Amino acid sequence: MIFSYTLVAQNTMTITADVHVETKTITIEQTIVYKNETNDVLNTIYLNDWNHSYSTKSTPLAKRFEEEFSTKFHLAKDEERGFTKVTSIKNENATTLNFDRLEAHPDVIKVDLEKPLQAGASYTLNLNYKLLIPNADFTDYGVSKTNDFNLKYWYITPAVYNGKWHYYSNKNLDDLFIPKSDVTLSVTHPRNYKVTSELNFNSATINTENNTQTTILSGNNRIDTFLSLNKFPLYNFVQTDDFIIVSDIQEKGLPGPSKALITDKITRYLTKHLGNYPHKQLLVTSLDYQKDPLYGLNQLPPFFRPFQEDFQYELKLLKTALKKYLDNILLLNPRKEHWLSEGLQVYYLIKYVEENYPDMKLLGTLADVWGIRSFHAADLKFNFQYYLYSMEIARKNRDQPLTTSKDSLTKFNANIAGKYKAGLGLNYLDQFTDDISLTDNITEFLQANQLKSVSLDDFETFISSKTSKDIRWFFTDYLDTRKKIDFKISSIETLKDSLKLTIKNKRDNTLPISLFKLKNDSIIGKVWVENIQGTETITLPKDSTDTFVLDYNNVIPEYNQRDNYKAAEGSFLNNKPLQLKLFKDIEDPNYNQIFFMPLVEFNNIYDGLTLGTKVYNKTLLRKRLNYRFSPQYATKSRSLTGSTSIYYTHNIENNNLYDITYGINAGYQSFANDAFFTTIRPSLSFSFRDDSNFRSPQTDQILARYVSISRELGEDATVPLDEEEPDYGVFNLRYTHYNPGVINYSKFYTDIQVANKFSKISFNYEFRKLTHSNRNINFRFFAGVFLDNRSDLSSNYFSFALDRPTDYLFDFNYLGRSEASGLFSQQIIIAEGGFKSKLATPFANQWMTTANFSTSIWRYIQAYTDVGLVKSKFTNPKFVYDSGVRLNLVEDYFEIYFPIYSNLGWEVGQPNYDQRIRFMFTVDPQVLLGLFRRKWY
């Protein structure tokens with residue numbers, strides 16, 4: 001009997017690749033020798049074919065793009081996306097093996113073996129396949145517009161089996177999990193291209209007849225699949241005492257010798273803390289950096305960067321090199337156990353700056369600029385940014401446990417906050433375990449487990465064995481949960497020769513907290529307080545301490561640092577004095593801060609430009625209690641206008657109900673020439689989401705509010721006013737279900753309004769879809785009915801509107817809400833009827849039902865049509881319709897409508913057609929900023 005498996009010491013892969021630049025294809029013959037390193041008998045082998053993840057618009061990768069509000073992949077042509085065509089898979093006896101792609105994972109191939117693979121044995125697979133390489137526009141990997149190839153996860157690799165198969169689909173997370181292998185790679189390519197890889201160069205053979213070159217590379221114990229094939233490569237090879245750094249990371253204005261010195265400095269640091277690098281060279285690419293950059297001020301344009309070129313380049317190279325180094329030596333599951341390698345990257349970045357640039361500021365050279373240096377942000381050290389970014393997401397109640405699978409993290413958590421929290425956590429653990437050197441122990445762990453399959457449990461067991469302290473809190477509360485760290489000094493009681501200090505743990509966890517003793521802002525003592533359940537009272541000898549501070553050195557990522565200070569003696573004013581500051585700042589826990597900011601705004605054409613100031617307490621990080629007072633002077637109406645609000649938010653964790661917000665806002669401004677309104681709106685809202693899936697954009701909200709409106713007319717007012725009811729109040733209850741997908745969008749709400757003279761209920765449903773043929777389909781349905789209507793039937797002020805709601809609740813941002821003619825009367829806000837033509841029956845005081853539909857003609861040009869029934873008292877229902885062309889420039893923000901045909905007839909040929917054109921335009925910068933935020937949060 002002949003068995004198709006052999007005994008080898010290591011997984012091996014031999015790849016012969018023929019690159020065809022013109023067709024963006026690569027033809028591959030590959031041999032995989034897969035070793036079964038377990039005690040199990042295997043009947044199948046799973047292979048990763050991540051190039052095939054680009055093959056259709058329904059792969060997990062395509063869905064990932066959709067979740068992050070990108071349509072680039074969906075709108076691409078088939079030949080731009082790429083795929084893999086597997087011709088055959090055979091064993092070493094040339095027997096053809098059955099294989100299938102998994103339905104849920106089309107970029108994973110299941111191969112049925114002819115004979116079972118015994119424990120300790122190896123199986124040979126011979127593959128023939130052809131790759132169509134995708135455009136680099138999608139993930140930065142693939143073929144660029146200049147026909148350069150930057151390839152990652154391009155050839156087929158075996159999945160990891162360690163008692164179970166670990167396979168999953170490509171989701172643009174750079175986290176392929178494969179076993180280490182000895183790799184030999186032969187690439188045939190045009191002579192004018194150069195191959196760059198982390199593999200060792202063996203030889204190059206030129207074929208003058210075909211004008212091609214065959215480059216042969218090899219390497220042992222490899223998992224990195226990156227290969228660059230460029231016509232004009234910018235890679236520099238820097239030989240250091242430790243290993244070769246190959247990099248194309250640039251920094252304008254930094255000379256070559258300076259780069260070489262920095263590179264040598266970094267390789268020494270890496271070798272010292274991570275152990276000797278097992279390969280000859282480390283490839284660090286600008287692509288790697290772009291995918292994991294230094295966020296913040298470092299990303300400003302070069303002419304405005306507040307950091308020196310050498311520091312900028314040093315940290316760019318260090319951060320990228322740390323990631324590549326750790327990924328290549330620490331063989332964790334990068335999707336399930338990502339926090340450790342990412343945390344170590346940030347941890348060593350923190351240590352590097354502490355060691356080499358202890359005085360570097362968060363704002364760099366800007367910290368010394370007049371005006372800026374008065375901000376608290378100018379006082380903060382460079383490493384404070386890690387706390388700032390990790391707390392940004394925690395304060396928004398969007399943080400996730402660090403042990404969450406990487407593909408379940410939101411983009412902000414995956415790219416920024418999670419990594420920073422992990423690094424801060426390791427630094428926190430380092431400070432707490434003061435009986436050992438955690439840095440030395442991590443180095444020992446990395447050296448002992450270099451190029452070995454390890455797990456998070458191995459790391460926990462190793463570190464726990466080194467310290468006498470109980471560090472279970474780190475691996476449970478800190479890593480596995482969303483539990484916040486939040487302590488306060490409740491009280492200080494003075495005794496004869498001692499002080500009784502009570503610390504309160506405001507959260508349900510077992511994390512420790514450091515207590516510092518200060519005298520004249522200098523540290524004179526420190527103690528760690530552990531296992532605080534509720535409150536803990538400790539007794540300290542009375543000495544010269546004037547202030548006690550929790551976590552004075554900002555090591556612990558604490559949720560709220562504003563109650564960490566307590567004066568040893570004196571009133572509460574000694575703890576946190578009042579501080580008035582110009583412009584928003586990073587919160588300073590030493591003070592109760594109030595901010596002032598000049599305001600220049602344009603709200604409507606009646607008030608014109610408004611000048612004033614905003615007094616508020618909001619800092620860069622979100623607070624639970626927010627207040628704002630904004631008095632303004634309107635230059636056109638020559639009146640005092642403005643608004644004020646106060647809101648309190650309850651963040652609820654581990655529950656579908658995640659936010660309860662209540663408060664009140666009030667405002668005063670013009671609604672016509674010499675006509676003003678005052679609004680007072682107390683409100684209460686409940687927000688819901690799927691607590692098991694933070695990536696889902698779907699939310700539900702229940703909003704209850706009371707809207708009080710007072711209107712007044714001046715002598716020169718040009719609008720009429722209902723003399724019987726110039727002032728009114730409306731109770732409003734609304735339920736909203738919102739799913740703002742970029743491919744599939746839906747929104748539903750039901751709205752109930754009760755006032756003195758009317759009550760009404762309405763329903764609104766919207767649906768949008770971008771089809772596989774790249775056609776936009778938009779549908780909206782509205783139905784509203786008065787339950788009771790005793791208002792003046794001649795005014796239609798509270799009636800349902802067909803094309804332009806009167807907005808008696810003053811919710812919409814009309815630029816000219818009272819205009820009956822002219823440009824500003826043509827502004828449209830899609831609400832209620834949603835019609836674009838101004839028909840003869842614009843209102844309904846009994847009931848209304850309408851449907852709005854539009855679909856693509858070409859790119860952003862769409863055809864629309866609206867139909868509906870309008871019913872007012874004492875009249876028969878009227879059927880209404882209109883149609884036209886819609887320019888959908890930025891959906892929901894900037895659109896133009898050209899009516900063509902309606903109840904009015906052929907509108908294009910009628911007089912004053914330019915006045916029939918409608919436009920939608922949003923000027924609120926916060927609304928526009930939402931386009932950016934939605935893909936990150």
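Residues numbered from 1 in each chain as written. Predicted model: local features only at pLDDT ≥ 70, side-chain atom pairs only at ≥ 80, totals over all residues. Heavy atoms only, no water.

**Some remarks on the pattern of salt bridges**
- Summed over the entire model, instances satisfying the criterion amount to 47 salt bridges.
- A salt bridge links Asp-78 to Arg-81, with the nearest nitrogen and oxygen atoms 2.3 Å apart. Linking Asp-78 with Arg-81, this pair stays in helix H3 (residues 78–81), spanning three residues, or about one helical turn.
- Classification of Arg-81 as buried rests on a relative accessible area of 2%.
- Asp-148 serves as the salt-bridge partner of Lys-231, at 3.6 Å between the closest nitrogen and oxygen. Taken together, the residues Lys-231 in the loop between strand S18 (227–230) and strand S19 (236–239) and Asp-148 in the loop between strand S9 (142–143) and strand S10 (149–151) connect sequence positions 83 residues apart.
- Since its relative accessible area comes to 24%, Lys-231 is described here as partly exposed.
- What you see here is one network of salt bridges that share partners, running through Asp-399, Arg-482, Lys-484, Arg-507 and Glu-653. (Salt bridge = Lys/Arg side-chain N within 4 Å of Asp/Glu carboxyl O. Helix = DSSP H or I, 4+ residues; strand = E, 2+ residues; numbered from the N terminus. Buried < 20%, exposed > 50% of the residue type's maximum accessible area, 1.4 Å probe, protein only.)

**Observations regarding a nonpolar patch on the surface**
- Nonpolar side chains collect at one region of the surface, where Ile-702, Tyr-706, Phe-731, Leu-733, Tyr-735, Ile-752 and Val-754 lie side by side and expose about 540 Å² of accessible area between them.
- Counting only elements with at least two residues in the nonpolar patch, the list comes to strand S36 (699–713), strand S37 (727–740) and strand S38 (744–755).
- Turning to its location among the elements, Leu-733 is positioned in strand S37.
- By relative accessible area, which is 34% here, Leu-733 ends up partly exposed. (Patch = residues over 30% accessible without salt bridge, like charges linked within 9 Å, V, L, I, M, F, W, Y side chains within 5 Å. Areas by Shrake-Rupley, 256 points an atom, 1.4 Å probe, with all protein chains shown as cover.)

**What about the sheet that holds strand S11 (residues 157–158)?**
- Reading across the sheet, the four strands line up as S6-S7-S4-S11 and stay open at both edges, with antiparallel pairing between neighbours. Of all the strands in the sheet, just strand S6 (99–101) and S11 have a single pairing partner and so form its edges.
- Strand direction decides the pairing type here: strand S4 (residues 42–48) and strand S7 (residues 108–117), joined by six bridges, are antiparallel. In the sheet register, Tyr-46 faces S7, and the bridge partner there is Lys-110. (Pairing = 2+ DSSP bridges.)

**What about helix H10 (residues 438–448)?**
- For H10, the full list of buried residues reads Leu-438, Thr-439, Asn-441, Ile-442, Thr-443, Phe-445 and Leu-446.
- The inward-facing, buried residues of H10 abut helix H4 (256–274), helix H6 (309–329), helix H7 (338–356), helix H9 (411–432) and helix H11 (456–466). (Contact = heavy atoms within 4.5 Å.)

**Topic: helix H8 (residues 384–395)**
- Here H8 contains twelve residues, and its C-alpha end-to-end distance of 16 Å stays within 8% of the 16 Å for a straight helix at 1.5 Å per residue.
- Of all twelve residues making up H8, eleven are buried, and the element is well covered by its neighbours.
- Among the residues making up H8, those that are buried are Phe-384, Gln-385, Tyr-386, Tyr-387, Leu-388, Ser-390, Met-391, Glu-392, Ile-393, Ala-394 and Arg-395.
- Those residues of H8 that are buried lie in contact with H7, H9 and strand S33 (639–651).
- One or two steps after H8, the chain reaches Asn-397, where phi turns positive at roughly 60 degrees. (Expected span 1.5 Å × (residues − 1).)

**As for the packing of H7 against H10**
- For the pair H7 and H10, interaxial distance at closest approach is 13 Å and the crossing angle is 135 degrees. In terms of axis orientation, H7 runs oblique to H10. Relative to H10, H7 is oriented so that their crossing is left-handed. Note on element contacts: H10 touches H7 through Leu-438, Thr-439, Ile-442, Thr-443 and Leu-446, opposite Leu-344, Tyr-347, Tyr-348 and Lys-351.
- Residues that form the contact of H7 with H10 fall into these classes: six nonpolar, two polar and one charged. (Axes fitted to C-alpha atoms, helices over the stretch in contact; angles between N-to-C directions. Parallel < 35°, antiparallel > 145°, perpendicular 65-115°, else oblique. Left-handed = near helix turned anticlockwise from the far one by under 90°. Nonpolar A, V, L, I, M, F, W, Y, C, P; charged D, E, K, R; others polar.)

**A word on the packing of aromatic side chains**
- The final tally for this structure, using the stated rule, is 60 aromatic pairs.
- Their ring planes at 75 degrees and their centres at 6.3 Å tell us that Trp-339 and Phe-459 sit as a pair that is edge-to-face. In this pair, Trp-339 is assigned in helix H7 and Phe-459 in helix H11, connecting sequence segments 120 residues apart.
- A relative accessible area of 2% places Trp-339 in the buried class.
- An aromatic cluster of at least three residues, connected via ring pairs, comprises Trp-339, Tyr-428, Phe-432, Phe-445, Phe-459, Phe-462, Trp-473, Phe-474, Phe-475, Tyr-478 and Trp-528.
- One Lys or Arg, Arg-81, reaches over the ring of Phe-73 and ends 5.6 Å from the middle of that ring.
- Note that Lys-614 overlies the ring of Tyr-616, its terminal NZ or CZ placed 4.6 Å from the centroid. (Phe/Tyr/Trp six-rings, centres within 6.5 Å; stacked < 30°, edge-to-face > 60°. Lys NZ or Arg CZ within 6 Å of the ring centre and 35° of its normal.)

**Some details on the sheet that holds strand S28 (residues 565–567)**
- The strand order across the open sheet built from four strands is S25-S24-S27-S28, with neighbouring strands paired in antiparallel fashion. Each of the sheet's edge strands pairs with one partner strand only, and the pair in question is strand S25 (522–529) and S28. With direction set aside, neighbouring strand axes in the sheet form an average angle of 20 degrees.

**Observations concerning the confidence of the model for the chain**
- Mean pLDDT over the chain stands at 92; residues scoring 70 or higher make up 96%.
- Across the chain, element-level confidence peaks in S11 with a mean pLDDT of 98 and bottoms out in strand S1 (residues 5–6) with 44.
- Of the regions scoring below 50 in pLDDT, residues 1–7 engages in 23 contacts with residues more than four places distant in sequence or in other chains. (pLDDT = per-residue confidence, 0-100.)

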